[in-house]
Amino acid sequence: HQNEWVSSENRFIDPGTYDACVEPGLRPDPRGTLFMGCDASVRRDSTAIVAVKYDESTDRLILADHKIWTPAAGQSINLEATLEVYLRRIYSAQCPSLQRLLCAGR
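Residues numbered from 1 in each chain as written. Predicted model: local features only at pLDDT ≥ 70, side-chain atom pairs only at ≥ 80, totals over all residues. Heavy atoms only, no water.

Enquirer: Tell me what's going on with the pattern of salt bridges, and back it up with residues and numbers.
Expert: Any two side chains of opposite charge can pair, on the condition that their charged atoms come close. All chains considered together, the criterion is met by four salt bridges. Measuring nitrogen to oxygen at the nearest pair gives 2.7 Å for the salt bridge that ties D29 to R31. Assessed through its relative accessible area of 60%, R31 is described here as exposed. Residue D65 pairs with R89 through a salt bridge whose shortest N-O separation is 3.5 Å. Pair noted here: D65 is in strand β3 (residues 60-69) and R89 is in helix α2 (residues 80-94), with a separation of 24 residues, a long-range link. What makes D65 buried here is its relative accessible area of 11%. A relative accessible area of 45% means that R89 is categorised as partly exposed. Through salt bridges with shared partners, a single network forms among D29, R31 and K53. (Salt bridge = Lys/Arg side-chain N within 4 Å of Asp/Glu carboxyl O. Buried < 20%, exposed > 50% of the residue type's maximum accessible area, 1.4 Å probe, protein only. Helix = DSSP H or I, 4+ residues; strand = E, 2+ residues; numbered from the N terminus.)

This is how it looks when you write it as structure tokens:
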């Protein structure tokens, strides 16, 4: 949140706090209005994206989908082959015409 390196011993969220928010049995559902956040890196660190949405019936934010890519030792993450492909998949499910528009520019 401040674009600072931290050690793996520092945790933003305690695992117990996170686990208390998990509802077993829910499956990813990236339909509807999504709010997405991404932390991208190409070497030495994971790249992750998370999508959440508001559930009017429970008045809560819920996890719609997420993905984490971790580079192999000495390797880089190809953002076009990972993050871009993921975003295109999510957007094409939401709006097929947007997928055609994105691809037309290439």
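Enquirer: Go over the sheet that holds β3 with me, naming the residues and quoting the values.
Expert: Here three strands make up an open sheet; going across it, the order is β1-β2-β3 and the pairing antiparallel. On the outer flanks of this sheet lie β1 (35-39) and β3, each paired with one strand and no other. Each adjacent strand pair in this sheet contributes to an overall mean axis angle of 15°, direction not counted. Pairing geometry for strand β2 (residues 47-55) and β3, over nine bridges, is antiparallel. When the sheet's bridge partners are listed, A51 is paired in β3 with D65. (Pairing = 2+ DSSP bridges. Axes fitted to C-alpha atoms, helices over the stretch in contact; angles between N-to-C directions.)

Enquirer: So what's going on with the nonpolar core? Residues and values would help.
Expert: Membership of the largest hydrophobic core is limited to nine residues, which are L34, I49, A51, A64, W69, I77, L83, Y86 and I90. The set of elements that each furnish at least two residues to this core consists of β2, β3 and α2. Among the elements that line this core, the one with the most residues is α2, at three residues. When residues no more than four places from it in sequence are discounted, the contact partners of Y86 are M36, I49, D65, H66, K67 and W69. (Core = buried A, V, L, I, M, F, W, Y, C linked by side-chain atoms within 4.5 Å. Contact = heavy atoms within 4.5 Å.)

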